[in-house]
Amino acid sequence: MDWFQTVVLSTVLSASWSAEDLTFPPGFMFGAATAAYQVEGAWNVSDKGESAWDRYTHEHPEKIKDHSNGDIACDSYHLWRRDIEMAVELGLHFYRFSISWPRLLPSGYPNYISEDGKNYYSNLIDGLLEKGIEPFVTMYHWDLPQSLQDLGGWTNPLVADWFYDYARVVFTLYGDRVKWWLTINEPLVMCDFVYNNGILAPPIMSPELGAYLCSKNVLVAHAKAWRLYDEEFRPKYNGKVSVANHHVWFDPLTPDDAELAELAREDCVGKYTHPIFSTTGGWPPSIEKVMEEVSLKRGYKSSSLPAFTPEEIALVRGTYDFYAMNHYTSRLIRKAKEGETFTAWPLGDAVDLGGIVQRRADWPLSTSFWFYVYPEGIRRQLVWLRKQYGNLEFVITENGLSTYAGLDDQDRIDYYKNYLRQILLAIKEDGVNVTGYTAWTLMDNFEWMDGYATKLGLYEVDYLDPQRKRTPRASARFYADLIKKHALDSVTVAPPNVTIV
Ligand code: NOJ
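Residues numbered from 1 in each chain as written. Predicted model: local features only at pLDDT ≥ 70, side-chain atom pairs only at ≥ 80, totals over all residues. Heavy atoms only, no water.

- Looking at an unreviewed UniProt entry, one finds the protein named beta-glucosidase and attributed to Mythimna separata.
- Entered under Sequence similarities (unreviewed entry) in the UniProt record, the comment concerning the protein runs "Belongs to the glycosyl hydrolase 1 family."
- Per UniProt, the protein carries the Subunit (unreviewed entry) text "Homodimer." (UniProt positions renumbered as here; feature names shortened; annotations may be inferred.)

Listed below in structure tokens is the structure:
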């Protein structure tokens, strides 16, 4: 985009920027999210089984910034009524939470269902419905039963059947009341980030093989669960099922890097979405090609990215009822120079692509090392997805800012406003069918490697208080107000920045 186009486009957009444009479409849903290991605590209460995160944090406290763990966390296992109250205070349309597989199935298998685990989620679901709040349930948010981790976890192809069996229990118990389902949260993080870095649970480094075995198994597991719902539960309950992917938007550093940026998008997002949402199915062809070249160069006989059989391609393709998008941050990418071997999150294998990942100088850093703020990225990501897969129903299933402690979180409010404004632009200017938005997160919680040091909550949690007192931040009042008005506040929203090449 040249200088003249930039000025014209900015003028057009600011000119059309009226209060009217800041209203969300009728029926647009607002929610907030958490995940079991991050909030529940009660890690060994009743007959709950050990999860891979229990094992990891207990054996390697030094890996977590503040040496903490999820043993008690926000104690939502006992304080779920207060969580519902907060959802009511905010006026949420839905609350996204996850089910802990080892809490429901202590052995990992459906040979035995925990009565207490079953009742816990049942009560939470009923409590939400009583208040008119939709339960939006993630079936798996990283807390694999340790018994299954011991058998290889997500690198063992049998995991797809283990997940299928678990899914049957979940749909059977809660399918009558839950209409919104996510099978698996963020395959990119579970596979690429885990096996490329050896951090997060399980702490296993296997960037050349493990990451790719996991990528394929996760897709097959999701597909089997979706088909199970489609065939046996949809006729009775008519809910919607999808998978929540993590999206990092990539812009090229220079126009010369445009092709590389597209490859990075396919690697980061397409690897997990092309098999499901494209009309052809299977891996993105560009990634398949690069992976084969790289694997042969590394001395393997064939690609480390396991091939799909034609039956598997058909099994996975089309297994969605909506598109679930977690988004926080963006990156620039440029071609690597001779001899450069730097790799950077989220592309542990950025070298595979011959790319160097970096930040644009004016993108502020949050309190998470991986997280730079670039509101336009969410709009660009949505437009890209629509171009790739058509105008599906898009639900933003996570978005929010990590900060330091404090109740007066203007930075979080600004983040929400700026990102939501870009979502409105995607809806109104680009015609993308976004129907819902989820703030991450309802309350401060165990932020994985950052422990409790990093805060993302609309509510602050006092971890020194045995009652884990929850207090609304300024952002909670902002969010409640936004939901009530069904619109952003026009005065404090800055004009959009459209100057990116
Ligand atoms: C995505 C993950 O799903 C969630 O568990 C995590 O807390 C947020 N990102 C913030 O890092």
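## Side note on the overall build of the protein
Here's step 1: From N to C terminus, the protein includes 16 helices and 11 strands.
Here's step 2: The C-alpha radius of gyration of the protein comes to 22 Å, within 12% of the 23 Å expected for a compact globule of 501 residues.
Here's step 3: Taking the principal axes of its C-alpha atoms as reference, the protein extends roughly 65 × 60 × 50 Å.
Here's step 4: Taking all 501 residues of the protein together, the buried fraction comes to 61%.
Here's step 5: A sequence separation of at least 24 residues applies to 77% of the contacts in the protein between residues at least 6 apart.
Here's step 6: Carbon and sulfur atoms make up 55% of the accessible area of the protein, which totals about 18600 Å².
Here's step 7: The protein carries 48 positive and 66 negative side-chain charges, and their two centres are separated by 2 Å. (Helix = DSSP H or I, 4+ residues; strand = E, 2+ residues; numbered from the N terminus. Rg over C-alpha atoms; globule rule 2.2 N^0.38 Å. Buried < 20%, exposed > 50% of the residue type's maximum accessible area, 1.4 Å probe, protein only. Contact = heavy atoms within 4.5 Å. Areas by Shrake-Rupley, 256 points an atom, 1.4 Å probe, with all protein chains shown as cover. Lys, Arg positive; Asp, Glu negative; His and termini not counted. Charge placed at Lys NZ, Arg CZ, Asp CG, Glu CD.)

## Details of the site of the ligand
Here's step 1: Near the ligand the following residues occur: Gln 38, His 141, Trp 142, Asn 185, Glu 186, Tyr 328, Trp 370, Glu 398, Trp 440, Glu 447 and Trp 448.
Here's step 2: One nitrogen or oxygen atom from the side chain of Gln 38 is found 2.8 Å from an oxygen atom belonging to the ligand.
Here's step 3: For the ligand, whose unbound accessible area comes to 300 Å², protein coverage reaches 97%.
Here's step 4: A class-by-class count of the residues in the shell around the ligand yields 5 nonpolar, 3 polar and 3 charged. (Near = heavy atom within 4 Å. Polar contact = N/O pair within 3.5 Å; in protein donor to acceptor, adjacent residues only side chain to side chain. Nonpolar A, V, L, I, M, F, W, Y, C, P; charged D, E, K, R; others polar.)

## Comments concerning unusual backbone geometry
Here's step 1: Residue Ala 201 is joined to Pro 202 through a cis peptide bond whose omega torsion reads 0°.
Here's step 2: With an omega dihedral of 20°, the bond running from Trp 440 to Thr 441 counts as a cis peptide bond.
Here's step 3: Looking at the element boundaries, Thr 441 is found in the loop between strand S9 (434-440) and strand S10 (459-461).
Here's step 4: Here the phi dihedral of Ser 46 falls at roughly 60°; this positive angle occurs in a residue that is not glycine.
Here's step 5: Phi at His 67 is positive, roughly 60°, even though this residue is not glycine.

## Examining the packing of aromatic side chains
Here's step 1: Inspection of the entire model under this criterion finds 49 aromatic pairs.
Here's step 2: Taking the centre distance of 4.7 Å and the plane angle of 55° together, the rings of Trp 53 and Trp 448 count as tilted. Pair noted here: Trp 53 is in helix H3 (residues 52-59) and Trp 448 is in the loop between S9 and S10, with a separation of 395 residues, a long-range link.
Here's step 3: Measuring from centroid to centroid gives 6.2 Å for Trp 154 and Phe 163, while their planes differ by 55°, and the two rings are tilted.
Here's step 4: A relative accessible area of 4% means that Trp 154 is categorised as buried.
Here's step 5: One aromatic cluster in this structure is built from Phe 24, Phe 28, Phe 30, Tyr 328, Trp 370, Phe 371, Tyr 415, Tyr 416, Tyr 419, Tyr 437 and Tyr 479. (Phe/Tyr/Trp six-rings, centres within 6.5 Å; stacked < 30°, edge-to-face > 60°.)

## Regarding the pattern of salt bridges
Here's step 1: A full pass over the atoms with the stated rule returns 29 salt bridges.
Here's step 2: A salt bridge links Arg 168 to Glu 232, with the shortest nitrogen-to-oxygen separation between them at 2.7 Å. Taken as a pair, Arg 168 in helix H8 (residues 159-174) and Glu 232 in helix H10 (residues 210-237) lie far apart in primary sequence, 64 residues in all.
Here's step 3: Here Lys 289 and Glu 293 are joined by a salt bridge, their closest N and O atoms 3.6 Å apart. Residue Lys 289 and its partner Glu 293 are both found in helix H12 (residues 285-297); the two are separated by 4 residues, about one turn of the helix.
Here's step 4: Taking the relative accessible area as the measure of exposure, Glu 293 reaches 43% and is therefore partly exposed.
Here's step 5: Here the residues in one salt-bridge network are Arg 82, Glu 85 and Glu 89, joined through shared partners. (Salt bridge = Lys/Arg side-chain N within 4 Å of Asp/Glu carboxyl O.)

## Points about H10
Here's step 1: Considering bend angle alone, the principal kink of H10 is centred on Glu 231 and spans about 45°; proline Pro 235 follows within four residues of it.
Here's step 2: With 20 of its 28 residues buried, H10 lies for the most part within the structure.
Here's step 3: Following H10 by one or two positions, Asn 238 adopts a phi angle in the positive range, close to 55°. (Bend = angle between axes of the 7 residues up to and from the residue.)

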